[in-house]
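Listed below are the residues making up each chain.
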Amino acid sequence: MEFIRIGENKIKISLSEGDMQKYGIQREALEKDTTTRRRALWTLLDEVKRETGLDAVSGRTLIE
């Protein structure tokens with residue numbers, strides 16, 4: 001997993017196929033708004049917070 005800080009409150013997260021397997025994320029699950037997708041995103045945001053200190057949960061969060 002790669003984190004690129006692109007602003008004070010912005011970060012880009014890139015996942016490899018290995019990362020997807022590690023976190024149990026399947027591409028199909030990301031195509032629809034499901035509990036599985038939300039759980040995966042919160043897991044990734046927790047990891048970002050541990051690694052970078054950026055707390056995406058405490059404020060507004062836009063995910064593209």
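Residues numbered from 1 in each chain as written. Predicted model: local features only at pLDDT ≥ 70, side-chain atom pairs only at ≥ 80, totals over all residues. Heavy atoms only, no water.

**Q** Can you tell me about helix α3 (residues 35-52), naming the residues and giving the values?
**A** Over its 18 residues, α3 extends 25 Å from the first C-alpha to the last, a length consistent with the 26 Å expected when each residue adds 1.5 Å. Considered for burial, the residues of α3 that qualify are Ala40, Leu44, Leu45, Glu47 and Val48. Along the long axis of α3, the arc covered by the buried residues comes to 160 degrees, so they all point the same way. Along α3, exposed side chains directed more than 90 degrees from the buried face belong to Thr35, Arg39 and Arg50. Turning to α3, the residues buried within the fold contact β1 (2-7) and β2 (10-14). Gly53 occupies a position one or two residues after α3 and carries a positive phi of about 90 degrees. (Helix = DSSP H or I, 4+ residues; strand = E, 2+ residues; numbered from the N terminus. Expected span 1.5 Å × (residues − 1). Buried < 20%, exposed > 50% of the residue type's maximum accessible area, 1.4 Å probe, protein only. Arc of directions from axis to C-beta. Contact = heavy atoms within 4.5 Å.)

**Q** Tell me what's going on with the pairing of β2, and back it up with residues and numbers.
**A** In this structure, β1 lies alongside β2, joined through five bridges in antiparallel fashion. Across the sheet, residue Glu2 finds its bridge partner in β2, namely Ser14. Connecting β1 to the antiparallel partner β2 that follows it, the hairpin turn spans two residues. (Pairing = 2+ DSSP bridges.)

**Q** How would you summarise the confidence of the model for the protein chain if you had to cite specific residues and measurements?
**A** This prediction gives the protein chain a mean pLDDT of 83; 98% of its residues lie at or above 70. Summarising per-element confidence for the protein chain, the mean pLDDT is lowest in helix α2 (residues 27-30) (79) and highest in helix α1 (residues 17-22) (90). (pLDDT = per-residue confidence, 0-100.)

**Q** Summarise the environment of Ala29; cite the residues concerned and give the values.
**A** When you line up the elements, Ala29 lands in helix α2. Take Ala29: its relative accessible area is 19%, and that puts it in the buried class. Distance from Ala29 to Ala40, taken between C-alpha atoms, is 9.4 Å for residues 11 residues apart in sequence.

**Q** Tell me what's going on with the pattern of salt bridges, and back it up with residues and numbers.
**A** Scanning the model with the defined rule gives five salt bridges in all. Arg27 serves as the salt-bridge partner of Glu17, at 2.3 Å between the closest nitrogen and oxygen. Highlighted residues: Glu17 in helix α1 and Arg27 in helix α2, separated in sequence by 10 residues. Glu17 sits in the partly exposed class, given a relative accessible area of 47%. (Salt bridge = Lys/Arg side-chain N within 4 Å of Asp/Glu carboxyl O.)

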